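Here are the chains, one letter per residue:
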Amino acid sequence: MSNGSQILVFKDMGLVSQVFDEASLGSLHGHIAVGHARYSTTGSSVWENAQPTFRATVNGSLALGHNGNLVNTAELAEMVARLPGEEHVSRSGRSAATNDTDLVTALLAGHPELTIEETARQVLPKVKGAFSLVFMDEHTLYAARDPQGIRPLVLGRLERGWVVASETAALDICGASYIREVEPGELIAIDENGMRSSRFAEAKPKGCVFEYVYLARPDTSIAGRNVHLSRVEMGRKLAKEAPVEADLVIATPESGTPAAIGYAEASGIPYGSGLVKNAYVGRTFIQPSQTIRQLGIRLKLNPLKEVIAGKRLVVVDDSIVRGNTQRALVRMLREAGAAEVHIRISSPPVKWPCFFGIDFATRAELIANGMTVEEIGRTLGADSLAYISIDGMIEATTQPKDKLCRACFDGVYPMELPDPALLGKLLLEAEIKGSQQPPAVRGKPHSGADLDGVQSLLGGGGAADALRRP
Ligand code: SF4
């Protein structure tokens with residue numbers, strides 16, 4: 001938060017409701033603010049990696065929030081180490097943060113001879129990966145989106161101000177009207193003179209299709225398409241592609257609900273509520289540790305025995321990553337008296353890791369890695385299992401296929417990836433523990449089609465590993 005002469009950063013670990021209360025919010029005064037709820041990707045979940053990241057500059061200071069994940073972190077660490085005065089300073093000597101975002105903040109703050117806007121136009125073309133950024137100095141709010149526009153970022157207007165947010169739902173909540181998306185490759189600056197736009201790279205749109213499947217709020221629209229309607233349509237298409245005789249369609253709440261409604265509508269099978277969700281447990285696959293994740297699954301859902309006993313069920317869910325949730329679910333539904341359990345998934349099998357901000361963890365943990373759909377269905381204990389096709393999912397978004405990233409489903413990455421050894425989540429921790437020197441960028445980049453390196457990075461037990469898990 002900036003009051004025009006000073007930036008105050010208030011951040012902590014935990015949910016927003018645990019970090020902020022009336023008193024802490026009341027202490028924040030000013031006319032420009034950035035905020036962030038961090039989804040841990042590159043760098044561990046520690047206070048130093050919470051955002052906004054902050055840097056003092058010769059002319060003031062800079063605070064930055066980042067949605068996404070970068071793929072050339074090692075290269076950026078080298079660039080930071082070469083900043084004037086930083087040549088002989090190890091990263092651990094300068095900043096305790098070990099995330100990719102901190103490097104971008106250092107680079108944006110590292111050119112006192114230029115304005116922040118000029119620096120951003122020089123630095124951002126060198127940053128690779130997914131980045132929807134909001135950043136500020138004492139006087140100006142900035143927003144920038146990577147040339148692929150992998151993560152969403154929108155611009156809105158209040159009566160006396162501007163808002164930049166990841167999702168249009170955030171604009172609705174704060175009473176702002178939607179103006180437009182921040183374009184891929186665009187840099188926006190907003191100050192007392194209004195809003196100005198410039199371009200730091202040519203747009204090559206590859207929006208994340210998983211935003212439509214699971215990530216984004218249903219009341220958000222991305223590239224003009226409402227997310228809830230996309231999910232309902234995915235359910236309709238799934239019913240046509242994978243019909244089954246059954247008595248009741250139920251959803252894995254809440255994320256499977258729109259697709260279940262679509263499935264019921266297109267199949268003519270009644271839709272009902274068969275599972276009650278504990279409202280106080282977060283999304284399971286983004287919990288940072290396996291222990292919490294497993295607890296989360298047990299705490300998350302309770303079957304409504306009176307509704308499902310004796311019924312042949314279609315259970316619609318948005319995705320299967322590790323399979324733990326669905327395995328526990330099938331067991332619970334059978335114990336609750338379900339006659340048959342048919343699982344229908346409104347996205348295709350997740351077979352490849354995401355390097356752009358979704359922490360699916362390693363390829364070894366993906367249950368669809370190395371197993372057929374039938375085999376997965378058997379390991380889940382389901383009577384049948386079917387996924388929507390990639391084309392069916394994409395059609396439901398109404399977006400052109402070539403404008404979407406769908407790499408976790410088909411392995412075609414929307415940009416060149418560096419040497420697999422330079423892609424790890426804990427890359428910068430390893431660097432600090434190791435030589436105390438900035439890492440050398442090794443090997444030549446390989447294209448999305450050349451996945452051998454990626455496979456070796458993500459090697460391990462494959463689906464067998466997932467099967468050993470409870
Ligand atoms: S790999 Fe999957 S989750 Fe990651 S950006 Fe691409 S579509 Fe989205």
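In this report, we go over the structure that sits alongside the text.

Rules used throughout
- Numbers given for residues are sequential positions, taken from 1 along each chain in its written order.
- This being a predicted model, a pLDDT of at least 70 is required before a residue's local features are given, and a value of 80 or more before pairs of side-chain atoms are given or counted; all residues contribute to the totals for chains, interfaces and linings.
- Values shown for side chains rest on all heavy atoms present in the structure; no hydrogens or waters enter the calculation.
- The helix count covers DSSP runs of H or I at least four residues long, the strand count covers runs of E at least two residues long, and both are numbered beginning at the N terminus.
- We call a residue buried when its accessible area falls under 20% of the maximum for its residue type, exposed when it is over 50%, and partly exposed in between, using a 1.4 Å probe and counting protein chains only.
- Contacts are residue-level and defined by heavy atoms, with any inter-residue pair within 4.5 Å sufficient.
- What sets the accessible areas is the Shrake-Rupley method with a 1.4 Å probe; for residues, cover comes only from the shown protein chains.
- Proximity is defined per residue: if any heavy atom of the residue lies within 4 Å of a molecule or strand, that residue is considered near it.
- A 1.4 Å probe that fits into a set of points on a 1 Å grid over the protein atoms alone but cannot get out defines a cavity; an open set with protein on both sides within 12 Å along at least five of seven lines defines a pocket, and lining residues are those with an atom within 4 Å of a point.
- Assignment to a cavity or pocket requires that more than half of a molecule's atoms be within 2 Å of the site's grid points.
- For this scheme, ten residues count as nonpolar: Ala, Val, Leu, Ile, Met, Phe, Trp, Tyr, Cys and Pro. Four count as charged, namely Asp, Glu, Lys and Arg, and the remainder, Gly too, count as polar.
- One bridge is not enough; two strands pair if DSSP finds at least two bridges between them.
- Orientation is described by axes fitted as lines to C-alpha atoms, over the contacting stretch for helices, and by angles from 0 to 180 degrees between their N-to-C directions.
- Pairing of aromatic rings covers Phe, Tyr and Trp, the last counted by its six-membered ring, and requires centre-to-centre distances within 6.5 Å; plane angles under 30 degrees mean stacked, over 60 mean edge-to-face, and any other angle means tilted.
- In the sections that follow, a salt bridge refers to a side-chain nitrogen of Lys or Arg positioned within 4 Å of a carboxyl oxygen of Asp or Glu.
- Each nonpolar core is a collection of buried residues, namely Ala, Val, Leu, Ile, Met, Phe, Trp, Tyr and Cys, held together in the definition by side-chain atoms within 4.5 Å.
- The domain boundaries here were taken from an automatic or database domain assignment.
- Take the far helix as the reference: if the near one is turned anticlockwise from it by less than a right angle, the crossing is left-handed, and if turned clockwise, right-handed.

**Focus: the overall build of the protein chain**
- Check the secondary structure of the protein chain and you find 19 helices and 19 strands.
- Split into buried and exposed, the 470 residues of the protein chain put 55% on the buried side.
- For the protein chain, restricting intrachain contacts to residue pairs at least 6 apart in sequence, the fraction spanning at least 24 positions comes to 70%.
- Surface summary for the protein chain: the accessible area is close to 20,100 Å², and the carbon and sulfur share equals 53%.

**Things to note about the site of the ligand**
- In the neighbourhood of the ligand, the contacting residues comprise Ile150, Arg151, Cys208, Val209, Phe210, Cys354, Phe356, Ile358, Cys405, Arg406, Ala407 and Cys408.
- Because more than half of its atoms lie within 2 Å of the grid, the ligand is assigned to the largest cavity.
- Every element with two or more residues in the shell around the ligand is listed here: helix H8 (209-215) and helix H16 (407-410).
- Considering only residue class, the shell around the ligand consists of 10 nonpolar, no polar and two charged.

**Side note on the sheet that holds strand S6 (residues 161-165)**
- If you trace the three strands from one edge of the open sheet to the other, you get S6-S5-S7, paired in antiparallel fashion. Looking along the sheet, the strands with just one partner apiece sit at the ends: S6 and strand S7 (177-181). Averaged over all pairs of adjacent strands, the angle between strand axes in this sheet comes to 30°, irrespective of strand direction.
- Across five bridges, strand S5 (residues 154-158) lies against S6 in antiparallel orientation.

**Points about the packing of aromatic side chains**
- Scanning all chains against the criterion turns up seven aromatic pairs.
- Ring geometry for Phe135 and Tyr142: centres 5.0 Å apart, planes at 15°, overall stacked.
- Accessibility expressed as a relative area gives 0% for Phe135, which makes it buried.
- The exposure class assigned to Tyr142 is buried, which follows from its relative accessible area of 4%.

**Re the sheet that holds strand S1 (residues 53-57)**
- The strand order across the open sheet built from six strands is S1-S2-S3-S4-S8-S9, with neighbouring strands paired in antiparallel fashion. For this open sheet the edge positions go to S1 and strand S9 (194-199), each flanked by a neighbour on one side alone. Between one strand axis and the next, the sheet turns through 20° on average, direction left out of account.
- Pairing between S1 and strand S2 (residues 60-70): five bridges, direction antiparallel. Bridge pairing in S2 links Arg55 to Leu62.
- Docked against the sheet, helix H5 (residues 100-109) engages S1, S2 and strand S3 (129-136), running at close to 140° with respect to S2.

**Here we look at the pattern of salt bridges**
- Throughout the structure, instances matching the rule amount to 18 salt bridges.
- A salt bridge links Arg236 to Glu265; its shortest N-O distance comes to 2.7 Å. Taken as a pair, Arg236 in helix H9 (residues 227-241) and Glu265 in helix H10 (residues 257-267) lie far apart in primary sequence, 29 residues in all.
- The shortest N-O distance in the salt bridge between Arg312 and Glu245 comes to 3.7 Å.

**Notes on the nonpolar core**
- Counting 50 residues, the largest nonpolar core has Phe356 and Phe360 as the members making the most contacts within it.
- Elements supplying a minimum of two residues to this core: H8, H9, strand S13 (248-251), H10, strand S16 (312-317), helix H15 (390-397), strand S19 (404-405) and H16.
- Ranked by residues supplied to this core, first place goes to H8 with six residues.
- Counting contributing residues per domain, this core is built from domain 1 (16-206) and domain 2 (225-409), each supplying no fewer than three.

**Digging into the packing of H9 against H15**
- Across the interface, H9 lies against H15 with an axial gap of 8 Å and an inter-helix angle of 145°. With respect to the hand of their crossing, H9 and H15 are arranged in right-handed fashion. Of H15, the residues touching H9 (which contributes Ser230, Glu233, Met234, Lys237 and Glu241) are Gly392, Met393, Glu395, Ala396 and Thr397.
- Tallied by class, residues from the contact of H9 with H15 come to three nonpolar, three polar and four charged.

**Some points on unusual backbone geometry**
- Cis peptide bonds are those with omega within 30 degrees of zero, and the linkage from Gln51 to Pro52 qualifies with 5°.
- Following Pro253, the chain continues into Glu254 via a peptide bond in cis, with omega recorded as -15°.
- Position of Glu254 relative to the elements: it lies in the loop between S13 and H10.
- Of note in the backbone geometry, Ala223 takes a positive phi value of approximately 50° without being a glycine.
- Among the structural elements, Ala223 can be located in the loop between strand S11 (221-222) and strand S12 (225-226).
- The exposure class assigned to Ala223 is partly exposed, which follows from its relative accessible area of 42%.

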